[in-house]
Amino acid sequence: MSAQTITVYIDPTQQEAQQNNNYSLYLAKKVNDTFTVIWQSLGPLPTSTQPGYNHKNTFQISVPSYQVNYGTVTETQGSVTFQGNGEAIAIDLGQSVDLSAGGEFKNIQNDGHPGTITVHNARQGNPHEILYDQSGNPIFVNIESGMDVGKATLTPIDTYQVWFGSYQETGTIIADNVSNTGIITFEGTDNATISYNKDGEWVPGKLPSNAVQVGENLEGKLANVVVAAIFTTALTTASTTYVLNKLINKFGVLKPTKIRAKVGDKSITLEFEKKLTNGSEIVLDRYEHAVQHALAKAAGDPSSDIPKSWSFSETTLQVSF
């Protein structure tokens, strides 16, 4: 089995919102028609031990073989946990293995069905089967019921689920019913792309681009990129004064040339000047990102008094002739 690649794009506004919620980005694989274990996770911000998610996130998946085990599953105050009791054994799709009454895996054979892993169980007590990837990271735990004495079948399916949620470690059982998930299914391809758009919806493919292609005969012309931020509450005298005099200091390399704001309005307008080059491309997202980060810094300044939440109207490009 060749490597599979999942690329996840996150709209910048949603990235900021999910990070403010302290939500992580999760990936799980479907086994036996269900998702039970967090396979990989990315935190809202990077740490020394865990990467954080970005605008573009790439999961590289290569699982030519698996490991199988059994364990004890317990439920405490609504949170399901499990403890592996056996000694895991490496196994490939299409193979079968015996689990003895004493709890040992042995006698791997190539007599299973294609795409499945079969366990011939002789152990009493309904042990719960656990499937790991080749590195020993849990993919699936049977939390509904254990294996009866006889044959049990595990069927990994090349379908994945991505979602945002409160922090859980990689390899733990999904704690609750997950809502608003994105589903990725590999059907004859090893690459898939999914995006989380500005409306908080999972959609196939890349996010739509708001880049503007500069046409011919515009070489050297000046253009203004106009960004309008809309607040949930009106600007006070203090917040308006701050926006007009101090907001500019919150920008990095990309700074606006004009900032317009009025007391009592619920919006501010920022203009960025850009000299055009024939055939070049102006990515309007860059300017929204610059305003977003500047406003976030300003909102954290106790002296700013600016509203704590905002959205953007459609960013425009105006060319001066």
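Note: the structure precedes this text.
Treat the numbers as computed from the prediction; the structure is a model and nothing was measured.

S.K.: Looking at this structure, how should I read the overall build of the chain?
M.R.: Helix and strand content of the chain: 3 helices and 24 strands. Relative to a compact globule of 321 residues, whose C-alpha radius of gyration would be 20 Å, the chain shows 26 Å and is clearly more extended. Across its three principal axes, the chain shows a C-alpha extent of roughly 80 × 50 × 30 Å. Here the contacts in the chain between residues at least 6 apart in sequence split such that 65% fall between residues at least 24 apart. On the chain, the mean spot of the 21 positive side-chain charges and the mean spot of the 31 negative ones are 14 Å from each other.

S.K.: Please explain helix H1 (residues 12-20) as it appears in this structure.
M.R.: For an α-helix, the turn length of 3.6 residues means that residues three or four places apart are oriented alike. For H1, every residue scored as buried is listed here: Pro12, Gln14, Gln15, Glu16, Gln18 and Gln19. Where the residues of H1 are buried, they touch strand E1 (4-10), strand E14 (156-165), strand E16 (191-196) and helix H3 (284-299). By the N-cap criterion, in which a side-chain oxygen at the helix start approaches the backbone nitrogen of a residue two or three places on, H1 is capped by Asp11, the distance to Thr13 being 2.9 Å. Where H1 ends, the next residue or the one after it, Asn22, has phi of about 60°, a positive value.

S.K.: Hey, could you run me through the pairing of strand E11 (residues 128-133) in this one?
M.R.: Note on strand geometry: in a regular strand, side chains alternate between the two faces of the sheet. For E11, the buried fraction is high: 6 of the 6 residues fall into the buried class. Going residue by residue along E11, you find His128, Ile130 and Tyr132 tucked away on one face and Glu129, Leu131 and Asp133 tucked away on the opposite face as well. Looking at chain direction, E11 and strand E12 (residues 138-141) are connected through 3 bridges and run antiparallel. Paired with Tyr132 across the bridge in E12 is Pro138. Between E11 and E12, which pair antiparallel one after the other, the connecting turn spans 4 residues, and Gly136 there sits at a positive phi close to 90°.

S.K.: How do you make sense of the pattern of salt bridges when you look at a structure like this?
M.R.: With the rule as written, the count across this model stands at 3 salt bridges. Measuring nitrogen to oxygen at the nearest pair gives 3.8 Å for the salt bridge that ties Lys250 to Asp301. One end of the pair, Lys250, is in the loop between helix H2 (237-245) and strand E20 (258-260); the other, Asp301, is in the loop between H3 and strand E23 (310-312), and 51 residues separate them in sequence. Here Glu271 and Arg260 are joined by a salt bridge, their closest N and O atoms 2.6 Å apart. With Glu271 in strand E21 (residues 267-275) and Arg260 in strand E20, this pair connects stretches of sequence that are 11 residues apart. According to the relative accessible area criterion, Arg260 is partly exposed, its value standing at 43%.

S.K.: Mind showing me how you'd approach the packing of aromatic side chains here?
M.R.: The geometry of two aromatic rings is summed up by the distance between their centres and the angle between their planes. Taken as a whole and judged by the stated rule, the model has 11 aromatic pairs. Between the aromatic rings of Trp39 and Tyr160, the centroid separation amounts to 5.9 Å while the plane-to-plane angle is 10°, which identifies the pairing as stacked. Taken together, the residues Trp39 in the loop between strand E2 (24-31) and strand E3 (40-42) and Tyr160 in strand E14 connect sequence positions 121 residues apart. Each member of the pair Trp39 and Tyr160 is classed as buried. Note on Phe251 and Phe272: the rings are 6.2 Å apart at their centroids and 70° apart in plane angle, and the pair reads as edge-to-face.

S.K.: Explain the sheet that holds E3 to me, please; I cannot follow it from the model alone.
M.R.: Either a parallel or an antiparallel arrangement is found when strands of a sheet pair, and the pairing is made through backbone hydrogen bonds. Ordered by their spatial adjacency, 4 strands build an open sheet running E3-E2-E14-E15, and the pairing between neighbours is antiparallel. This sheet does not close on itself; its edge strands, each paired only once, are E3 and strand E15 (182-185). This sheet shows a mean twist of 20° between the axes of neighbouring strands, independent of strand direction. Note: E2 against E3, 3 bridges, orientation antiparallel. If you follow Leu25 over to E3, its bridge partner there is Leu42.

S.K.: What should I look at first to understand the nonpolar core in this one?
M.R.: Nonpolar side chains tend to gather and get buried jointly when the protein is soluble and globular. With 37 residues, the main nonpolar core has Ile6, Val8 and Leu25 as its most contacted residues. Excluding anything up to four places from it in sequence, Ile6 contacts Leu27, Asn57, Thr58, Phe59, Ile61, Tyr160, Ile184, Phe186 and Ala192. In terms of nonpolar packing, the next biggest core, distinct from the first, is built from 30 residues, Ala223, Leu235, Leu284 and Phe312 among them.

S.K.: Any chance you could explain the side chain of Asp133 here in plain terms?
M.R.: As for its position among the elements, Asp133 is in strand E11. No salt bridge is formed by the buried Asp133; its nearest oppositely charged neighbour, Lys29, is found at 9.3 Å. Of note is the side chain of Asp133, whose polar atom sits 3.0 Å from the side chain of Trp39. Excluding anything up to four places from it in sequence, Asp133 contacts Trp39, Val63, Ser65, Tyr66, Gln67 and Ile139.

S.K.: What should I look at first to understand the sheet that holds strand E9 (residues 105-109) in this one?
M.R.: The strand order E9-E8-E10-E13 describes an open sheet built from 4 strands, whose pairing is mixed. In this open sheet, the two strands that pair with only one neighbour each are E9 and strand E13 (150-154). Sheet twist, expressed as the mean angle between neighbouring strand axes with direction ignored, is 25°. In this structure, strand E8 (residues 96-99) lies alongside E9, joined through 3 bridges in antiparallel fashion. Residue Leu99 lies in a different strand from E9, and its bridge partner there is Phe105.

Scoring rules and cut-offs
Residues numbered from 1 in each chain as written. Predicted model: local features only at pLDDT ≥ 70, side-chain atom pairs only at ≥ 80, totals over all residues. Heavy atoms only, no water. Helix = DSSP H or I, 4+ residues; strand = E, 2+ residues; numbered from the N terminus. Rg over C-alpha atoms; globule rule 2.2 N^0.38 Å. Contact = heavy atoms within 4.5 Å. Lys, Arg positive; Asp, Glu negative; His and termini not counted. Charge placed at Lys NZ, Arg CZ, Asp CG, Glu CD. Buried < 20%, exposed > 50% of the residue type's maximum accessible area, 1.4 Å probe, protein only. Polar contact = N/O pair within 3.5 Å; in protein donor to acceptor, adjacent residues only side chain to side chain. Pairing = 2+ DSSP bridges. Salt bridge = Lys/Arg side-chain N within 4 Å of Asp/Glu carboxyl O. Phe/Tyr/Trp six-rings, centres within 6.5 Å; stacked < 30°, edge-to-face > 60°. Axes fitted to C-alpha atoms, helices over the stretch in contact; angles between N-to-C directions. Core = buried A, V, L, I, M, F, W, Y, C linked by side-chain atoms within 4.5 Å.

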